[in-house]
Amino acid sequence: MESSFVQAAVLCEPSATRWWTERIEIMDCCLCSSVAGVFRLPRNSICSSCYEGARSMIAFMEKMDGEPNPISADEQQKSRKIDITEELRSKGLSYAYRKLMEWKERDQGLIERVSFLGGLVDAFKEGLHADVQIKATDGPARLAHRAVLAARSPIFKAMFEADECKASSPYTITLPELKSEELDCLLEFLYSGSLPKDQLANHAHALLIAADKYEVQYLARCCEAQILQTLSTSNALEILELSSLCMNERLKSMSMKTIVKHREEIVFSEGYCGFVMRNAFLAVELTRAMFMEVNGQQDSLKA
């Protein structure tokens, strides 16, 4: 019945179409309305919010499932004006629900796997059958396992394959770029693949340097994301200097954009002179970027 009303409204003058659209909006949605408790005529419709959400959910599920998405970008923009495709109609929200349940089971399996691998962390904390000592610039040496460190870092692997390392046990490695707390964080990440948020936030800079030196790419990405979250005018120069040390292009690009955008505040800050003295090449790059920004603004004003 409703479909015939819709077709009739579309074929009529625009005022009739507008009337029908308004009528649909005020009807009880059979999904989200607290009034419509059952699915019955004439309440065989859903509100625009539920309609858009259902289409987006199904399209997202198909994308995650590796199947072709029948809704193109142009069609998504006109989703209110087109009929849902046969493929989506056949799958519907029940398909989305089934996929969510499958993902839930998959996530549960991942949680159990992480819990199983947690035994490595216990072995590290207890020093169980450890065969190498890792020392920071301060504090006592930490016991660790060559196999774990070699699996996480090609640099550690190369160290342990050296003849002098094979001959001595336990072998001691000193990491001069790390303090005691930073070393603990590095080792915990190598064993578990994660860190508490407060520890990552407090030691992200030092850990990024270590991740770059020992080629632990996953740790580098985690540190990069954490540092970008805290990027501001107060630390942009420090992050730019760090990016140059670690050859991190994303940090360099984002920090330079922040400095150029807030150049008046940063250039006249207390730390800028020291930054220029330590990083002459970066200072030249910044000067050029600022010059190009100013010229671009002037050209836009002239236009």
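What to know about the overall build of the protein chain
- Broken down by element type, the protein chain carries 16 helices and three strands.
- In the protein chain, the share of contacts with a sequence separation of at least 24, taken over all contacts with a separation of at least 6, comes to 54%.
- A total of about 19,400 Å² of accessible surface is found on the protein chain, and carbon and sulfur atoms cover 57% of it.

Digging into the confidence of the model for the protein chain
- Model confidence for the protein chain is summarised by a mean pLDDT of 78, while 69% of its residues fall at 70 or above.
- Residue range residues 1-12 is modelled with pLDDT below 50. Its contacts to residues more than four positions away, or to other chains, number 11 contacts.
- Every residue in residues 67-88 is under pLDDT 50, and counting partners more than four places away or in other chains gives 32 contacts.

Observations concerning unusual backbone geometry
- With a phi close to 60 degrees, Glu-215 is a non-glycine residue in the positive phi region.
- Along the chain, Glu-215 turns up in the loop between helix 10 (197-214) and helix 11 (217-229).
- With a phi close to 55 degrees, Met-247 is a non-glycine residue in the positive phi region.
- Mapped onto the elements, Met-247 comes out in the loop between helix 12 (236-246) and helix 13 (249-261).
- Exposure remark for Met-247: the relative accessible area of 64% places this residue in the exposed category.

A closer look at the side chain of Thr-258
- Among the structural elements, Thr-258 can be located in helix 13.
- Among the residues examined, Thr-258 registers a relative accessible area of 14% and is labelled buried.
- Filtering out sequence-adjacent residues up to four positions away, Thr-258 remains in contact with Leu-231, Ser-232, Thr-233, Ala-236 and Ile-266.

Things to note about the pattern of salt bridges
- Tallied over the entire structure, the rule returns five salt bridges.
- Across the pair Glu-177 and Lys-213 runs a salt bridge whose closest N-O atoms are separated by 3.0 Å. Linking Glu-177 in the loop between strand 3 (171-174) and helix 9 (180-192) with Lys-213 in helix 10, this pair joins segments that are 36 residues apart in sequence.
- Judged by relative accessible area, which is 25%, Glu-177 ranks as partly exposed.
- Take Lys-213: its relative accessible area is 41%, and that puts it in the partly exposed class.

Quick word on helix 13
- With 13 residues, helix 13 should cover 18 Å at 1.5 Å per step; its first-to-last C-alpha distance of 18 Å lies within 8% of that length.
- Those residues of helix 13 that fall on the buried side of the exposure criterion are Leu-251, Lys-252, Ser-255, Met-256, Thr-258, Ile-259 and Val-260.
- The N-capping residue of helix 13, defined by a side-chain oxygen 3.2 Å from the backbone nitrogen of Arg-250, is Asn-248.

Considering the side chain of Arg-263
- Here Arg-263 lies in helix 14 (residues 263-267).
- One buried charged residue, Arg-263, forms no salt bridge at all, with the nearest opposite charge on Glu-293 at 4.7 Å.
- Ignoring any residue separated from it by four or fewer positions in sequence, one finds Arg-263 in contact with Met-290, Glu-293, Val-294 and Gln-297.

A closer look at the nonpolar core
- Of all hydrophobic cores here, the largest spans 53 residues; its most connected members are Ile-134, Leu-149, Leu-175 and Leu-286.
- For this core, the element with the highest residue contribution is helix 10, accounting for eight residues.
- Those residues in contact with Leu-149 that sit more than four places away from it in its chain are Val-132, Ile-134, Ala-144, Phe-156, Phe-160, Leu-187, Leu-190 and Tyr-191.

Structural notes on the environment of Thr-174
- Within the secondary structure, Thr-174 is located in strand 3.
- Along the chain, Thr-174 and Thr-137 lie 37 residues apart, while their C-alpha atoms are 7.5 Å from each other.
- In contact with Thr-174, other than residues within four places in its own chain, are Lys-135 and Ala-136.

What counts as what
- Residues numbered from 1 in each chain as written.
- Predicted model: local features only at pLDDT ≥ 70, side-chain atom pairs only at ≥ 80, totals over all residues.
- Heavy atoms only, no water.
- Helix = DSSP H or I, 4+ residues; strand = E, 2+ residues; numbered from the N terminus.
- Contact = heavy atoms within 4.5 Å.
- Areas by Shrake-Rupley, 256 points an atom, 1.4 Å probe, with all protein chains shown as cover.
- pLDDT = per-residue confidence, 0-100.
- Buried < 20%, exposed > 50% of the residue type's maximum accessible area, 1.4 Å probe, protein only.
- Salt bridge = Lys/Arg side-chain N within 4 Å of Asp/Glu carboxyl O.
- Expected span 1.5 Å × (residues − 1).
- Polar contact = N/O pair within 3.5 Å; in protein donor to acceptor, adjacent residues only side chain to side chain.
- Lys, Arg positive; Asp, Glu negative; His and termini not counted.
- Core = buried A, V, L, I, M, F, W, Y, C linked by side-chain atoms within 4.5 Å.

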